[in-house]
Every structure is written in C-alpha cells, then in structure tokens.
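Below, each chain spelled out in residue letters.
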Amino acid sequence: MSALEPKLQSIYELVLQRNPGETEFHQAVREVLDSLGPVMAKHAAYTDARVIERICEPERQIIFRVPWVDDNGRIEIHRGFRVEFNSALGPYKGGLRFHPSVYLGIVKFLGFEQIFKNALTGLPIGGGKGGSDFDPKGRSDGEVMRFCQSFMTELYRHIGEYTDVPAGDVGVGGREIGYLFGQYKRITNRYESGVLTGKGVGWGGSLVRTEATGYGTVYFVDEMLRTRGGSLDGKRVLVSGSGNVAIYAIEKVHELGGTVVACSDSGGYVVEEKGIDVELLKEVKEVRRGRMTDYADARGSGANHVAGGRIWEVPCDVALPSATQNEIEEADARRLVDHGCVAVAEGANMPTTPAATQIFAEAGVLFGPGKAANAGGVATSALEMQQNASRDSWTFDYTQDRLAEIMKGIHERCAATADEYDVPGNYVVGANAAAFVQVADAMLALGVV
Ligand code: NDP
Ligand code: 2IT
C-alpha cells in the first residue's frame, strides 16, 4: 500500500486515535482511503462537507449484555453488538455474526464495508452490522434458542423494517434467524416480515437467499475471467471455508464447468481431485453440523484431509476465499501466484491482507474485493425486503436472474469506474470509488445529520 495523501493521512490518524485497538476496523478504513485520493481531487465539495470523517464515525453503536441459562442450569453472559453505521441510502442493513472472536473492532470493520457493498448493489440499503462473542458450535438447539431470545430481547428496540434490518453472517443461519424472528414477533406483537432477512422460505424468506452470496461470488469471478476471454469452464478452483458462502460457491462453480478441488474449516482442509461432493457437504455441514473430518471420513480414500494445513498450498487456477478475514497472507498469495492462479474473488469479508492484495496486483491476478464480489447475499436480502413489502414471493428462476443481473451490474460499474480513474482492471479502486461517490452524494443532499 502506498503512502496516503496528507489530508487522507490526517483523517486516518484521527480514526486510529478515536478507535484504539480496533485493528480490523483500521485496516478496512485504510483500504478505502487508499482509493480516494483522485476522488477527493475531483469532488472538492466532499472535503468541505467533511464527508469522509462523517462516514468513518458510525451513526450509532449499541453494546449490550446477553444473559442466558445453558442446559446445565448455569448462567452464561455474552456481549451483543449492533453498529448502525450509515443510513444515507436506506435503513441500516447487514448481518449478525456469532463467533468467539467478535468484539467492537470486528463489528465496525464489517459495518464499514457494508456501507459501500450495499451502495454497489444499487438497492436502497444503508450499512450496519452486529453480533456477539457467543459460539453456537457444540451448543444444543435449546441453548441456541435461549441465547437468540435473550439477544433479541434487547435488540428489538433498535431495529425495524424502516430502521435497521439484520440478517445472518458467520454462525448465524436459518435456525438462528428463526429464533430471532420468533422472539421479535412475540415481543412486538407484529408479524413484521421485513425486520430480518434470511428467513425460511415458508415464512417470509426469499428463494435464492441461501445460495445468493456463493452464487453471486461465482458470477462475479466469471465476469472477471470474461474480460480476458476466459471462463470458469475447466478451471481448478479452491474455496476456503465450508459454511453458507463456501457451499453455494462450490455448487455454482460445478454448474459452470469448473472443479472445486479443496475446501476447509478452521480444523484443516480436504483435497479431492475429482471435485468436492457438494450434496454430501451440505448433509455434513447443514444437517449434521459436522466437520470437514466427518466429510473426509464419509468420502473414503478419494478425499484427503490435511489437519491444520493452509488450503492455499493446493495448486489452482482460481481462488475464492470464503471463510474469514485475513485468511490469505503474503506467503499464501505468493504461493498462489507461483502456482499460476489467475483470479481471486473474495466470498468472505476482507479475507486478503493488504500485503497479499499488493502481490496479486503486481502479478496481474484478477482480484474481486469482497464489497463487490460477495454483495449478492445482501442484494438478495434487499430482494427479500421487496417481496415482504409487496406481500409477494417470487420464483427461484426469477430471483436468480435478478441476482445474476445485479452481479453483472456491479462488475460493470466497478470496471467502468476503474477506467474513469485510469486504473483499468483495478476492481478495488473501482468498487471503493463508485460506492463512496454514491454515499457521499446522498450525504451532501441530506445535509449535516
Ligand atoms: P458460516 O458460519 O456459514 O461458515 C463459516 C466458515 O468459515 C466455516 O467453515 C468456518 O469454519 C470458517 N471460519 C469462520 N471463522 C473462521 C476463523 N476465524 N478461522 C477459520 N475459519 C473460520 O459463515 P458464512 O459462510 O456465512 O460466512 C463466511 C464469510 O462470508 C464471512 O467472512 C462472512 O462475513 C462473509 N459473508 C457472508 C454472507 C452471507 O450471506 N452469509 C454475505 C457476504 C459475506 P469453522 O466451522 O471451523 O469455524
Ligand atoms: O456480509 C454480508 O453482506 C452479509 N453477511 C449479508 C448481510 C445481509 O443483510 O444479507
């Protein structure tokens, strides 16, 4: 990463000073500021209106106690968060993450990214994020339900279909959204479908929402490959993670003719030259809530589980990091480049460190940043909100076509903006500049609020 211009550097220093210890948030802000020099030069009004300083300060941050009782009668205490970052374009929108690593700095990095991602979808949604340091792994359904009910007993007063609309993220899927929605409905005595997305399709959810993030990431990488006359057909692909995003990325890669030869969880990765069996993976992960070791056991000799290894050591043409932040480090990026990887698209939020991103740029690897490449999930959440508002439900094919169109539009917008700023093919600058200008213009129009 190059040095920032003096004005941007002083804004960054203020962010460091005002948000001590929140390293992931610092990283996310720094990455956006790095793209904004030419944008600020072109739009003097943004400087006078102190738009960047305002965008870096969340509109509202909520931190609360989440007490609950486990199956042994022991009282557990967790911390809940909701950061309502920016509502210039619409109600705050973004997921909830339940993972032991969650603290304010992670929620703020995710909320900050969400502002720009949501702008890129072209749909009327602002940015927010929340979660808890609760770990659903190994907990019974009853424990997860009681946790979710306690979490919502505080959160309900801050959210609403016109205010703030949470959804899933790491550790929060259909089961958790169900318990959260049930408690919201009970407390408020309102069947307010549009207050949460990622609901079950039988009770207000949208078809394709489950698949949307993974499918969207694959549509995006396919679009990138097409700019160089290629496609996913025949490509060897790595997908890290084995959760919601990873599973449906694998499914779509296979549909488009590629082969996903490895996927992972925090315990290690599985390599399978013939391609990961996605139906078995769904059964192991979504139904049994098992591990990649269980998948490998069920597959037998064709699948090799490497405990504790780094998936990026497996040779590939395309890499789709879809697990967590900073999972591709500098040495991983070098290895991917040495093995001939031509494209990387981020299914996860900020999975590539700044040093690794730099290596991909220098090597001419196509690189789709998360705020563009994984926007299909939140975009389909906005489609769920549309269906809820009109008390309608759309078919799978219609919704999938809308998603594909949205991803194509995001790709075009990022590519065109990169051209506008004389950095053709730089999707990082394209995404940051296009999204920033849209949010900044709305903030100027709405006055100092
Ligand atoms: P899930 O909880 O369904 O799956 C997460 C997967 O990533 C699991 O395989 C998990 O392994 C692995 N993982 C998570 N945290 C870590 C960690 N700290 N270290 C190593 N492995 C980890 O989450 P999602 O698939 O929904 O989310 C994955 C990524 O995609 C996240 O970055 C999320 O923010 C992002 N994202 C999600 C969207 C969505 O709609 N769900 C939308 C856009 C982005 P293990 O089980 O061992 O923990
Ligand atoms: O990071 C993300 O975009 C999500 N977890 C999805 C958010 C949403 O509101 O669907």
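Coordinates for the structure precede this section.
Being a predicted model, the structure only gives us computed values, none of them experimental.

Conventions we followed
Residues numbered from 1 in each chain as written. Chains lettered and ligands numbered in written order. Predicted model: local features only at pLDDT ≥ 70, side-chain atom pairs only at ≥ 80, totals over all residues. Heavy atoms only, no water. Buried < 20%, exposed > 50% of the residue type's maximum accessible area, 1.4 Å probe, protein only. Helix = DSSP H or I, 4+ residues; strand = E, 2+ residues; numbered from the N terminus. Arc of directions from axis to C-beta. Contact = heavy atoms within 4.5 Å. Near = heavy atom within 4 Å. Polar contact = N/O pair within 3.5 Å; in protein donor to acceptor, adjacent residues only side chain to side chain. Areas by Shrake-Rupley, 256 points an atom, 1.4 Å probe, with all protein chains shown as cover. Nonpolar A, V, L, I, M, F, W, Y, C, P; charged D, E, K, R; others polar. Salt bridge = Lys/Arg side-chain N within 4 Å of Asp/Glu carboxyl O. Pairing = 2+ DSSP bridges. Axes fitted to C-alpha atoms, helices over the stretch in contact; angles between N-to-C directions. Patch = residues over 30% accessible without salt bridge, like charges linked within 9 Å, V, L, I, M, F, W, Y side chains within 5 Å.

**Thoughts on helix H13 (residues 330-338)**
Thinking step 1. Among the residues of H13, Asp332, Ala333 and Leu336 are the ones counted as buried. Each buried residue of H13 sits inside an arc of 100° when the element is viewed along its axis, so together they form one side.
Thinking step 2. Buried positions along H13 lie against strand E6 (236-239), strand E10 (318-320) and helix H14 (354-363).

**Remarks on the site of ligand 1**
Thinking step 1. The immediate surroundings of ligand 1 are formed by 25 residues, with Lys137, Asp169, Ser266, Arg291 and Asn349 found nearest.
Thinking step 2. Interatomic distance of 2.9 Å between a side-chain N/O atom of arginine 97 and an oxygen atom of ligand 1.
Thinking step 3. Between ligand 1 and lysine 137 there is a distance of 2.8 Å, counted from an oxygen atom to a side-chain nitrogen or oxygen.
Thinking step 4. Look at ligand 1: alone it shows 880 Å² of surface, and the protein chains cover 84% of it.
Thinking step 5. Class assignment of the residues belonging to the shell around ligand 1 gives a composition of 4 nonpolar, 14 polar and 7 charged.

**Examining the pattern of salt bridges**
Thinking step 1. The final tally for this structure, using the stated rule, is 33 salt bridges.
Thinking step 2. The closest approach of N and O atoms between aspartate 169 and lysine 129, which form a salt bridge, is 3.0 Å. Remark: lysine 129 occurs in strand E4 (residues 127-132) and aspartate 169 occurs in the loop between strand E5 (164-167) and helix H8 (174-188); sequence separation between them is 40 residues. Residues aspartate 169 and lysine 129 agree in their burial class; the two are buried.
Thinking step 3. In this structure, the salt-bridge partner of glutamate 272 is arginine 299, at a minimum N-O distance of 2.6 Å. Residue glutamate 272 is located in the loop between strand E8 (268-271) and helix H11 (278-287), and its partner arginine 299 is located in helix H12 (residues 292-299); the two are separated by 27 residues in the primary sequence.

**Side note on the sheet that holds strand E2 (residues 75-86)**
Thinking step 1. Pairing is mixed in the open sheet, where 5 strands are placed in the order E1-E2-E4-E3-E5. At either margin of the open sheet sits one strand with a lone partner, and together these are strand E1 (60-69) and E5. Neighbour to neighbour, the strand axes of the sheet diverge by 20° on average, direction disregarded.
Thinking step 2. Note that E2 and E4 share 6 bridges and pair antiparallel. Paired with phenylalanine 81 across the two strands is glycine 131, which belongs to E4.
Thinking step 3. Those strands touched by helix H6 (residues 104-120) are E1, E2, strand E3 (92-98) and E4, and its axis lies near 150° from that of E4.

**Overview of the site of ligand 2**
Thinking step 1. In the vicinity of ligand 2 lie 14 residues, with Lys93, Gln114, Lys117, Asp169 and Ser381 positioned nearest.
Thinking step 2. Separating an oxygen atom of ligand 2 from a side-chain N or O atom of glutamine 114 is a distance of 2.9 Å.
Thinking step 3. Interatomic distance of 2.9 Å between a side-chain N/O atom of aspartate 169 and a nitrogen atom of ligand 2.
Thinking step 4. Computed on the free molecule, ligand 2 has an accessible area of 300 Å², of which 94% lies beneath the protein chains in the complex.
Thinking step 5. Class assignment for the residues of the shell around ligand 2 results in 2 nonpolar, 7 polar and 5 charged.

**Thoughts on the environment of alanine 303**
Thinking step 1. Note on placement: alanine 303 falls in the loop between H12 and strand E9 (304-307).
Thinking step 2. Judged by its relative accessible area of 11%, alanine 303 is buried.
Thinking step 3. The contact partners of alanine 303, leaving out residues within four places of it in the chain, are Val270, Val271, Glu272 and Ala296.

**Things to note about a nonpolar patch on the surface**
Thinking step 1. Side chains of Val69, Ile75 and Ile77 sit close together on the surface and give an oily, nonpolar patch of about 290 Å² of accessible area.
Thinking step 2. Mapped onto the fold, valine 69 is located in strand E1.
Thinking step 3. We classify valine 69 as partly exposed; its relative accessible area is 39%.

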